[in-house]
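In case you want the letters, here they are:
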Amino acid sequence: MTSGGKDKRRILVVGCGSIGKRHIGNLLALKAGEVVAFDVREERRVEVEKRWNIESVTSLEEAFEQKPHAAVIATPPSLHIPVALQAAEHGCHLFIEKPLAAGMQRVGELLERAQRQRLVTLVGCNMRFHPGLMHVKKLIDAGAVGAVLSARAAFGQYLPDWHPREDYRKGYSARRDLGGGIILDAIHEVDYLRWLVGEIQSVACFAGRLSSLEIETEDSASLLLRFASGAIGEIHVDYVQRAYRRNAQIVGEKGTIDWDYPSREVRWYSADDRQWRAVGAPTDWEANEMYLDEMRHFLRCLDGAEAPALDLLNAKRVLEIALAAKAAAENRIVVEL
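Analysis parameters
- Residues numbered from 1 in each chain as written.
- Predicted model: local features only at pLDDT ≥ 70, side-chain atom pairs only at ≥ 80, totals over all residues.
- Heavy atoms only, no water.
- Helix = DSSP H or I, 4+ residues; strand = E, 2+ residues; numbered from the N terminus.
- Buried < 20%, exposed > 50% of the residue type's maximum accessible area, 1.4 Å probe, protein only.
- Polar contact = N/O pair within 3.5 Å; in protein donor to acceptor, adjacent residues only side chain to side chain.
- Contact = heavy atoms within 4.5 Å.
- Pairing = 2+ DSSP bridges.
- Right-handed = clockwise from strand over helix to strand, strands pointing away.

(A) Region of the structure containing the side chain of Arg246. Relative to the helices and strands, Arg246 is located in strand 11 (residues 245–252). We classify Arg246 as buried; its relative accessible area is 7%. Here the side chain of Arg246 touches Glu189 through a polar contact of 2.8 Å, side chain to side chain. Residues within four places of Arg246 in sequence aside, it is in contact with Met127, Ala154, Phe155, His188, Glu189, Trp259, Asp260, Tyr261 and Pro262.

(B) Spotlight on the pairing of strand 4 (residues 70–73). In strand 4, alternate side chains face the same way, and those of Ala70 and Val72 on one face and Ala71 and Ile73 on the other are all buried. Pairing geometry for strand 1 (residues 10–14) and strand 4, over four bridges, is parallel. Across the sheet, residue Ile11 finds its bridge partner in strand 4, namely Ala70. Looking at chain direction, strand 4 and strand 5 (residues 93–96) are connected through four bridges and run parallel. Within strand 5, the residue paired with Ile73 across the bridge is Ile96. In the classification by handedness, the crossover that spans strand 4, the intervening helix 4 (residues 80–89) and the parallel strand 5 is right-handed.

Any functional reading would require information beyond the geometric quantities listed.
Following this line, the structure appears as structure tokens:
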């Protein structure tokens, strides 16, 4: 199936929570084509109709009758694969929010169908479009710090602060059956370390609900990774830090790279001249720009101009690593991938 011209393209957004609404706004800002929305909750459908003057539908069957070219799937993770399979059956190219799924059930079936139908697939990887991490990637690829020996990544934010107007106890993050928990929620860290350093071969993990948050899922996790190159990695993620934190460090034979999201700065140290250098993001840069760039990338993929940054096959691998971390924590073992 071809994507068609932009003036003819119809894009279905399934799920009108916070990330679904972000994608609707960005698709319209990019003039990507006609946007149709679906959510099981009537109040969300009414909200997007009033806010953007777009059409919403009351069922997926009604949505697919309109023959959308692509579907943006922004439901809770446990519903990603069932909805994506329905969309694929109707020939839709797929943008699926991270994580790809809450488990591996039917992931292989979706991958096989997408490959057979030659569908364009992209799984949410907006951190790859952050200017700081993009600069880190360029430095590593240019050999600025030599061979990478170790990598560390961290993310933390108090869960009730994620969506202050909503009861955090009712969101998918708090519920095991919907695919919540910090390991899957913060799967970006697994993805971007794999992108920066290379394939991950083994993982160990400690995780659990350590705080008084009223959730069913783990609120803290620390992962230890071994990369195919021999490098080691560490990831700490949690729902409990009261001050937002997201950063990474790359240690190489010839230097070190530090990236910090809140300060918008990348610093690297070169052993050659024993100097630190720094570059910051543009002062007018806003977080939504990486979501816009991610969606621009998806649209270019639909046009055949670019290859997906994180397609289904690679997102499946990232999910396998995250699920291995959960299994490692539960069984107190090292999981070989």
